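# Survey of secondary and tertiary structure
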Amino acid sequence: MTLALSIVSHGHGAQVLSLLALLVQSPQSLIRRVWVTLNTPEPALTQALAAPDAAWRGRLDVRVLHNPQPLGFGANHNQAFGHEQQQSAPSPFFVVMNPDITWSQDPWVAMLQAAQQPGVGCVYPQQVDAHGQPQDHARRLPTPGALLRRYLGGAARRRVRVAAPDWANAALLLFHSVAYQRIQGFDEAYHMYCEDVDICLRLQLAGYRLAEAQDACVVHVGQRASHRQWRHLGWHLRSLWRLWHSPAYQQFQQNHARRVG
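Right, let's walk through the structure included here. Each chain carries its own residue numbering, running from 1 in the written order of its sequence. Residue-level local features of this predicted model are given only where pLDDT is at least 70; pairs of side-chain atoms are given and counted only at 80 or more, and the full residue set underlies all totals for whole chains, interfaces and linings. Values shown for side chains rest on all heavy atoms present in the structure; no hydrogens or waters enter the calculation.

## Quick word on the nonpolar core
Condition: Nonpolar core, defined: a set of buried Ala, Val, Leu, Ile, Met, Phe, Trp, Tyr and Cys residues in which side-chain atoms within 4.5 Å join the residues together. Remark: exposure states derive from per-residue accessible area (1.4 Å probe, protein chains only) relative to the maximum for the residue type, with buried under 20%, exposed over 50%, and partly exposed in between. By definition, any uninterrupted DSSP run of H or I lasting at least four residues is a helix, any uninterrupted run of E lasting at least two residues is a strand, and each is numbered from the N terminus. Here, two residues are considered to be in contact whenever any of their heavy atoms come within 4.5 Å of each other.
In terms of nonpolar packing, the biggest core is built from 40 residues, with L23, M97 and W108 touching the most fellow members. In terms of residues, this core owes the most to one element, helix α4 (residues 108-115), which gives 6 residues. Leave out the neighbours within four places in its chain, and L23 touches L5, I7, Q28, I31, V34, L60, M97, W103 and W108. Ranked by size, the runner-up nonpolar core spans 35 residues in total, among them W35, V197, L203 and Y208.

Put into C-alpha cells, the structure is as follows:
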C-alpha cells in the first residue's frame, strides 16, 4: 500500500522544504512519490530541490513540475495525478496536501488503515492549530443560511466537531486513486475555494464514503485569506455561487432531504 503525494507551492519554498524533511522520517515503504508543483517561479526552491545533497535524496522520489502560468488549486492537483497515472507503477492512493501541514506523530499508517474500510473513497485526519486546538476542518453542507449564522453570529470563531460531516477541507486528503479517477478529480472551474466541498459531494454521490482517521492528527493553521483580502473574498463568493448552482450540490441536498424527511 503506497502513497503518491501532491504538494503545490505559491512562494511557499521554506514550508515545502520543511515538509519534505518531515516526510523523510515517514515509513519509506509507504511513500512512492512526491509531486511538487511550482505554480510560480521560485529559483531558490528550484535550486534546493535539485541539490544533490538534499536530505531526501535517495530516500524520497521527488518529482518537480514547473507551471508556465499559474493554475488553480484543483487544476494543479489534477495535473500531478495525471503524471502519477502515467508512471509504470502508479500508486493506489493519491494524497493532496498543503505545504503548511506538519505533525508530531506520523499520520500515514492510520490514514491507510482508515482507507481500507469498506466503501471509503477519501480519508481525512484530525486537524489542530498551532496551539493544539481543534480546527473546524470537517463540516456540514454549506447552505446560505448556515454561512450567515456562521459569520454573522460568530460561529466562525468556534471549533465544533461534526459527526458524519458532508465534506472535509483539502489541506490534507487521501483518495483511493480509482475513486479520484472515476470522478475525474477536482472540478477545475473552481479556481480557489469550494473545490474541496464539491469533490467530497461528488465522491459520495458516486457511492463512496468519507472517513476520518481518528488516530491521525496534523497541525494546520488555516489562513482564511477571504476574511482579509478582497481578491480572495471575490473568489470565495464566486465559488459559493457556482457550488450552490451545481448539479452535485443540488442532488446532494435533495438526497439529504429524503434521508431526514
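From this point, the narrative continues.
## Thoughts on the pattern of salt bridges
Condition: Put simply, a salt bridge is a Lys or Arg side-chain nitrogen that is within 4 Å of an Asp or Glu carboxyl oxygen.
In this structure the tally under the stated criterion is 6 salt bridges. Here R33 and D61 are joined by a salt bridge, their closest N and O atoms 3.9 Å apart. On the criterion of sequence distance, the pair formed by R33 in strand β2 (residues 31-38) and D61 in the loop between α2 (43-50) and β3 (62-66) is long-range, its members being 28 residues apart. The exposure class of R33 is buried, given its relative accessible area of 8%. Overall, the relative accessible area of 27% leaves D61 in the partly exposed class. Connected via shared salt-bridge partners are R33, D61, R63 and E84.

## Quick word on α4
Where burial is concerned, most of α4 is hidden: 6 out of the 8 residues are buried. Within α4, burial applies to W108, A110, M111, L112, A114 and A115.

## A short note on the sheet that holds strand β4 (residues 93-97)
Formally: If DSSP finds at least two bridges between two strands, the strands pair. Lines fitted to the C-alpha atoms define the axes, with helices restricted to the stretch that makes contact. Angles between their N-to-C directions range from 0 to 180 degrees.
Reading across the sheet, the 7 strands line up as β3-β2-β1-β4-β8-β5-β9 and stay open at both edges, with mixed pairing between neighbours. Each edge of the open sheet carries a strand with a single partner, namely β3 and β9 (209-219). Each neighbouring strand pair of the sheet contributes to a mean axis angle of 20 degrees, computed without reference to strand direction. Summarising the sheet, strand β1 (residues 3-9) and β2 pair through 7 bridges and their orientation is parallel. Each residue of the ladder has a partner; that of S6, found in β2, is W35. Sheet strands touched by α2: β1, β2 and β3. Its angle to β2, the strand with the most contacts, is close to 155 degrees.

## Considering the environment of N98
Here N98 is to be found in the loop between β4 and α4. Expressed as a C-alpha distance, the spacing of N98 and L237, which sit 139 residues apart in the sequence, is 22 Å. The residues contacting N98, other than those within four sequence positions of it, are L19, F73, A170, A171 and H220.

## A few points about the packing of helix α1 (residues 13-23) against α2
For clarity, the threshold we go by: For classification purposes, an angle smaller than 35 degrees is called roughly parallel, one larger than 145 roughly antiparallel, one from 65 to 115 roughly perpendicular, and anything else oblique. In a left-handed crossing the near helix is turned counterclockwise from the far helix by less than a right angle, and in a right-handed crossing that turn is clockwise. Residues are grouped as follows: nonpolar covers Ala, Val, Leu, Ile, Met, Phe, Trp, Tyr, Cys and Pro; charged covers Asp, Glu, Lys and Arg; every other residue, Gly included, is treated as polar.
Orientation of α1 relative to α2, taken along the N-to-C sense of each, is 20 degrees, at an axis distance of 9 Å. Judged on the interaxial angle alone, α2 and α1 are roughly parallel. Crossing of α1 against α2: the hand is right-handed. Packed against α1, whose contacting residues are G13, V16, L17 and L20, the element α2 presents L45, A48 and L49 at the interface. Here the residues of the contact of α1 with α2 sort into 6 nonpolar, 1 polar and no charged.

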